Amino acid sequence: GIEAEVIDGTTIKPLDMPTILESVGRTGRCVIVHEATRTGGFGAELSAQVQENCFMHLEAQVVRVAGWDTPYPHAFEWEYFPGPERVKRAIQQVMEN
């Protein structure tokens, strides 16, 4: 019952911030998913830019779904990477606000 706009930033070089900001302006929400660690990862920079440019449009906090802030565990890579369940919980979180 939830519709989402999905923007794949890895296919946009250079990163098309106007497209991202227009989407956040329309929806009032932003979930950022990336495989790097949560702290210091690209998602943190993207979150900061969305917050700086869309603050008055946001209806919920910007949520990041990222790798854990631990050394990369090769034996447990699928638990480390943001998977469908973690993304689903993040989307539900921003929709509850």
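Refer to the structure printed above.
Note that the structure is a prediction, hence the values are computed from the model and not measured.

A.B. asks: I'm lost on the overall build of the chain in this one. Help?
C.D. replies: When its secondary structure is counted, the chain shows four helices and two strands. Order of helices (α) and strands (β) in the chain, N terminus to C terminus: α-β-α-β-α-α. Relative to the compact-globule value of 13 Å for 97 residues, the chain shows a C-alpha radius of gyration of 14 Å, a close match. Expressed along its principal axes, the backbone C-alpha trace of the chain runs to roughly 40 × 35 × 20 Å. In the chain, which comprises 97 residues, the share counted as buried stands at 29%.

A.B. asks: What exactly am I supposed to notice about the environment of F81 here?
C.D. replies: The residue F81 is located in the loop between helix 3 (77-80) and helix 4 (84-96) in this model. Judged by relative accessible area, which is 15%, F81 ranks as buried. For F81 and T10, which are 71 residues apart along the polypeptide, the C-alpha to C-alpha distance reads 16 Å. When neighbours within four sequence positions are excluded, F81 is seen to be in contact with E35, Y72 and R86.

A.B. asks: I keep staring at the pattern of salt bridges and nothing clicks. Help me out?
C.D. replies: Any two side chains of opposite charge can pair if their charged atoms end up close together. Counting across every chain of the model gives two salt bridges. For R26, the salt bridge is made with E5, and the minimal N-O distance between the two is 2.9 Å. Taken together, the residues span a long stretch of sequence, with R26 in helix 1 (residues 17-27) and E5 in the segment before helix 1 at a distance of 21 residues. Residues E59 and R29 are paired through a salt bridge, measuring 3.3 Å at the closest nitrogen-oxygen approach. Taken together, the positions of E59 in the loop between helix 2 (42-54) and strand 2 (63-67) and R29 in the loop between helix 1 and strand 1 (31-37) put the pair 30 residues apart, joining distant regions of the chain. Given a relative accessible area of 52%, E59 falls into the exposed group.

A.B. asks: What should I look at first to understand the environment of K88 in this one?
C.D. replies: The topology assignment puts K88 in helix 4. In this structure K88 comes out as partly exposed when scored by relative accessible area, which is 43%. For the pair K88 and V65, spaced 23 residues apart in the sequence, the C-alpha separation amounts to 9.9 Å.

A.B. asks: I tried to follow helix 2 on my own but got confused; where do I start?
C.D. replies: Every α-helix winds through 3.6 residues per turn, so residues three or four apart in the chain are directed the same way. With 13 residues, helix 2 extends 18 Å from end C-alpha to end C-alpha; this agrees with the ideal 18 Å at 1.5 Å per step. Three or more residues of helix 2 are buried, namely G43, L46, S47, V50 and C54. Taken end-on, helix 2 shows its buried residues confined to a sector of 105°, consistent with a single buried face. Contacts from the buried residues of helix 2 go to helix 1, strand 1 and strand 2.

Criteria and cut-off values
- Residues numbered from 1 in each chain as written.
- Predicted model: local features only at pLDDT ≥ 70, side-chain atom pairs only at ≥ 80, totals over all residues.
- Heavy atoms only, no water.
- Helix = DSSP H or I, 4+ residues; strand = E, 2+ residues; numbered from the N terminus.
- Rg over C-alpha atoms; globule rule 2.2 N^0.38 Å.
- Buried < 20%, exposed > 50% of the residue type's maximum accessible area, 1.4 Å probe, protein only.
- Contact = heavy atoms within 4.5 Å.
- Salt bridge = Lys/Arg side-chain N within 4 Å of Asp/Glu carboxyl O.
- Expected span 1.5 Å × (residues − 1).
- Arc of directions from axis to C-beta.

Any functional reading would require information beyond the geometric quantities listed.
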